Amino acid sequence: MTQQRKHFLIFLITGLLSAAMVVYYRWNPEKHLFHQLCDGAFVAGVVLVGIGGLKFARNGGTFDMMVWGLDSVVRTTFPWMLKERQDADFVAYAERKRESRQSAKPELLAGAFYLALSVIFLVIYLAQR
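Residues numbered from 1 in each chain as written. Predicted model: local features only at pLDDT ≥ 70, side-chain atom pairs only at ≥ 80, totals over all residues. Heavy atoms only, no water.

A word on the packing of helix H1 (residues 3-25) against helix H2 (residues 33-59)
For the record, the criterion: Angular values range over 0 to 180 degrees, each being the angle between N-to-C directions of two axes fitted as lines to C-alpha atoms, with helices fitted over their stretch in contact. Working definition: helices are DSSP H or I runs of at least four residues, strands are E runs of at least two. Numbering for both runs from the N terminus. The labels follow the angle: roughly parallel below 35 degrees, roughly antiparallel above 145, roughly perpendicular from 65 to 115, and oblique for the rest. It is the rotation of the near helix from the far one that decides the hand of a crossing: anticlockwise by less than a right angle makes it left-handed, clockwise makes it right-handed. Here, residues are in contact when the closest pair of their heavy atoms is within 4.5 Å.
Two elements in contact, H1 and H2, have axes whose closest approach is 8 Å; the angle formed by their N-to-C orientations is 135°. Classified by the angle between their axes, H1 and H2 sit oblique to one another. Note that H1 runs across H2; the crossing there is right-handed. Facing H1, whose interface residues are Phe11, Gly15, Ser18, Ala19, Val22 and Val23, H2 presents Gln36, Leu37, Asp39, Gly40, Ala41, Val43, Ala44 and Leu48.

Written out as structure tokens, the structure is:
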């Protein structure tokens, strides 16, 4: 099993647990079951797509300058507390980070799965209404 497939399964299980918690804590006997399942799947999907979107943005280098700047401020303010800087400049830092980053595909696919599942539950709910 590949690493991406393992991550995808982990995020599917995480989404299932979060959907189950939403259904459990918001349980209302007056609401239709598919309405509540739609709510749970939607919350799981939005959370996973949000995490995947942030990871996708991070992989593009969106937050690199903020981290580099904060590191520079801390090193200037407290030079005795930190070990020697690993990268000489921002470009070297960004290149080193870019090499070690993983794809956001598992989170985005798991989130898309739960969003599609919520649409299916919504259609079933509206058809039985």
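Back to the write-up after that little detour.
Quick look at the nonpolar core
So the rule is basically this: Among buried residues, those of type Ala, Val, Leu, Ile, Met, Phe, Trp, Tyr and Cys that are joined through side-chain atoms within 4.5 Å constitute a nonpolar core. For every residue, the accessible area (1.4 Å probe, protein chains only) is compared with the maximum for its type, and the residue is labelled buried under 20%, exposed over 50%, or partly exposed between those bounds.
With 7 residues, the main nonpolar core is built from Phe11, Leu12, Ala19, Ala44, Leu48, Ala110 and Tyr114. Among residues more than four places away in sequence, those in contact with Leu12 are Ala110, Phe113 and Tyr114.

Observations concerning the packing of aromatic side chains
To be explicit about the condition: By convention, a stacked pair of Phe, Tyr or Trp rings (six-membered ring in the case of Trp) has centres within 6.5 Å and planes under 30 degrees apart, an edge-to-face pair has planes over 60 apart, and any other such pair is tilted.
Evaluation of the coordinates by the stated rule reveals 6 aromatic pairs. Centre to centre, the rings of Phe90 and Tyr93 are 6.4 Å apart; their planes meet at 35°, and the pair counts as tilted. With Phe90 and Tyr93 both in helix H4 (residues 90-100), this residue pair falls 3 residues apart, about one helical turn. With relative accessibility at 25%, the residue Phe90 sits in the partly exposed group. Since its relative accessible area comes to 9%, Tyr93 is described here as buried. An aromatic cluster is defined as three or more aromatic residues linked by ring pairs; in this entry it consists of Trp68, Phe90 and Tyr93.

Function cannot be inferred from these measures alone, as they are strictly geometric.
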